[in-house]
Amino acid sequence: QVQLVESGGGLVQAGGSLRLSCVASESIFSMDYMGWYRQAPGKERELVAVINRGGSTNYEDSVKGRFTISRDNVKNTVYLQMNSLKSWDTAVYYCMLRIYFRDYWGKGTLVTVSS
């Protein structure tokens with residue numbers, strides 16, 4: 001059972017930056033992909049960014065050019081650098097790992113962007 005622990009959330013003013021981290025309890029070297037999802041109050045969870053084993057990335061349209069997903073296989077960690085934050089980026093951000101045909105989720109970290 002892989003455990004994922006997110007950190008780095010908090011309160012930031014619009015236009016500011018945050019970096020989220022997601023540490024896996026096991027090696028992510030063989031992952032299919034890891035991603036960040038978010039869920040705003042009253043809304044469904046949505047994919048924000050994903051990175052696959054080969055290093056290819058994909059982003060939700062509203063975060064392109066502002067967010068960057070990256071990984072460190074040595075530290076078993078995936079990051080989400082969030083710049084130029086907007087009020088509508090406010091949400092709980094969840095880390096997800098797909099490995100060996102199973103999905104694992106973290107408990108989430110809250111990002112609040114004040115306008």
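Shown above is the structure to which this text applies.
Described in the following lines is the structure provided in the data block. (Residues numbered from 1 in each chain as written. Predicted model: local features only at pLDDT ≥ 70, side-chain atom pairs only at ≥ 80, totals over all residues. Heavy atoms only, no water.)

**Regarding the sheet that holds strand β1 (residues 4–7)**
With antiparallel pairing, the 4 strands of this open sheet are ordered in space as β1-β3-β8-β7. Looking at which strands have only one partner, the edges of the open sheet turn out to be β1 and β7 (67–72). Each strand of the sheet is rotated relative to its neighbour by a mean of 15 degrees, with strand direction disregarded. (Pairing = 2+ DSSP bridges. Helix = DSSP H or I, 4+ residues; strand = E, 2+ residues; numbered from the N terminus. Axes fitted to C-alpha atoms, helices over the stretch in contact; angles between N-to-C directions.)

**Considering the pattern of salt bridges**
Summed over all chains, the structure comprises 6 salt bridges. For R98, the salt bridge identified is with D103, shortest N-O distance 2.6 Å. Judged by relative accessible area, which is 30%, R98 ranks as partly exposed. For D103, a relative accessible area of 35% puts it in the partly exposed group. Residues joined by salt bridges that share partners form a network here, namely R38, E46, E60, R66 and D89. (Salt bridge = Lys/Arg side-chain N within 4 Å of Asp/Glu carboxyl O. Buried < 20%, exposed > 50% of the residue type's maximum accessible area, 1.4 Å probe, protein only.)

**Brief notes about the side chain of S21**
Among the structural elements, S21 can be located in strand β3 (residues 18–24). Residues within four places of S21 in sequence aside, it is in contact with V5, E6, S7, W36, T77, V78 and Y79. (Contact = heavy atoms within 4.5 Å.)

**As for the pairing of β3**
Among the 7 residues of β3, 5 are classified as buried, and the element is accordingly described as predominantly covered. Where β3 lies against strand β8 (residues 77–82), 6 bridges are found, and the strand directions are antiparallel. Paired with L20 across the strands is L80, a residue of β8.

**Considering the environment of K86**
Along the chain, the position of K86 falls in the loop between β8 and β9 (91–99). Measuring from C-alpha to C-alpha, the distance between K86 and V113 comes to 6.4 Å, with 27 residues separating the pair along the chain. Leave out the neighbours within four places in its chain, and K86 touches R66 and V113.

**Description of the packing of aromatic side chains**
As enumerated under the stated definition, the model contains 1 aromatic pair in all. With centroids separated by 4.9 Å and ring planes inclined at 65 degrees, the aromatic side chains of Y37 and W105 adopt a geometry described as edge-to-face. In this pair, Y37 sits in strand β4 (residues 33–39) while W105 sits in strand β10 (residues 102–105), placing the two residues 68 residues apart along the sequence. The exposure class of Y37 is buried, given its relative accessible area of 17%. (Phe/Tyr/Trp six-rings, centres within 6.5 Å; stacked < 30°, edge-to-face > 60°.)

Remember that the coordinates give geometry; whether it matters functionally is a separate question.
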